[in-house]
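# Remarks on the overall topology
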Amino acid sequence: GNSVTQMEGPVTLSEEAFLTINCTYTATGYPSLFWYVQYPGEGLQLLLKATKADDKGSNKGFEATYRKETTSFHLEKGSVQVSDSAVYFCVVANQAGTALIFGKGTTLSVSS
Amino acid sequence: DGGITQSPKYLFRKEGQNVTLSCEQNLNHDAMYWYRQDPGQGLRLIYYSQIVNDFQKGDIAEGYSVSREKKESFPLTVTSAQKNPTAFYLCASSIVGYEQFFGPGTRLTVL
């Protein structure tokens, strides 16, 4: 079945640094890909998504491009803020499109 | 406001007791889901339902049960058969095949 692997954390950055969180997937066909974010003590929020190859999802300064050649969906942000400190999950839809498969999450900590 | 509510936020259970976690949504979504989150882990799917009166087992359904009598509600019962129930439980809903929206979660602790 479909699966996803993301870089382990924690990732510790200073404010205004560049962020990359790597994510690769294994899938049959071209499932939708997502990044979700979880702030401390809260549920998950959808950060961005891409539904087909070469799509770029973007939101709140974060971007990720659906790359079928490298089966990757890396998350990037040009200048992180303290408020971006959270856990980020790379997610792939299952083959049937009925459920989501989550990576283990990457904890980002941004200091001022 | 549209959204998903889960209650209670914190729940304590003695060993051997069943406990039911509530999940309600007013987004008019057909599909609902229950996930379990353990420290340092991603989310694992317990059960999901795509329509009223029907539900499917996820990856870790043993020791859990659900019902879907109404479109808006998808309660999860953690039974005494679940060997390690202490975790953070997240409910989600979606239009079938589209992104999921999550509730704030319930943290269950077994004493």
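Higher on the page you've got the structure.
Please read these numbers as outputs of a predicted model, since none were measured by experiment. (Residues numbered from 1 in each chain as written. Chains lettered and ligands numbered in written order. Predicted model: local features only at pLDDT ≥ 70, side-chain atom pairs only at ≥ 80, totals over all residues. Heavy atoms only, no water.)

### Considerations on the side chain of B:R36
Residue and element names in this part refer to chain B. Put simply, the rule is: Put simply, DSSP marks the helices as runs of H or I at least four residues long and the strands as runs of E at least two long, and each gets a number from the N terminus on. Any pair of N or O atoms that falls within 3.5 Å is considered a polar contact. Within protein, one atom must be able to donate a hydrogen and the other to accept it, and sequence-neighbouring residues count only if both atoms are side-chain atoms.
Residue position: R36 is located in strand β4 (residues 31-37). At 2.9 Å, the side chain of R36 and the side chain of D38 are in polar contact. Within the structure, the side chain of R36 is placed 3.5 Å from the backbone oxygen of T86, a separation counted as a polar contact.

### Digging into the pattern of salt bridges
Selection rule: The term salt bridge refers to a pairing of a side-chain nitrogen on Lys or Arg with a carboxyl oxygen on Asp or Glu at a separation within 4 Å. Three exposure classes are used, based on accessible area relative to the maximum for each residue type with a 1.4 Å probe and protein chains only: buried under 20%, partly exposed in between, and exposed over 50%.
In this structure the tally under the stated criterion is seven salt bridges over all chains. Between B:E99 and A:K49 there is a salt bridge; the shortest N-O distance is 2.9 Å. With one member in each of two chains, B:E99 in the loop between β9 (87-94) and β10 (101-102) and A:K49 in strand β6 (residues 44-50) form a pair that bridges those chains. Taking relative accessible area as the criterion, B:E99 reaches 15% and is therefore assigned buried. Judged by relative accessible area, which is 31%, A:K49 ranks as partly exposed. Put simply, A:D55 and A:K52 hold a salt bridge, and the shortest N to O gap is 3.3 Å. Within the structure, one salt-bridge network assembled from shared partners comprises B:R36, B:D38 and B:R44.

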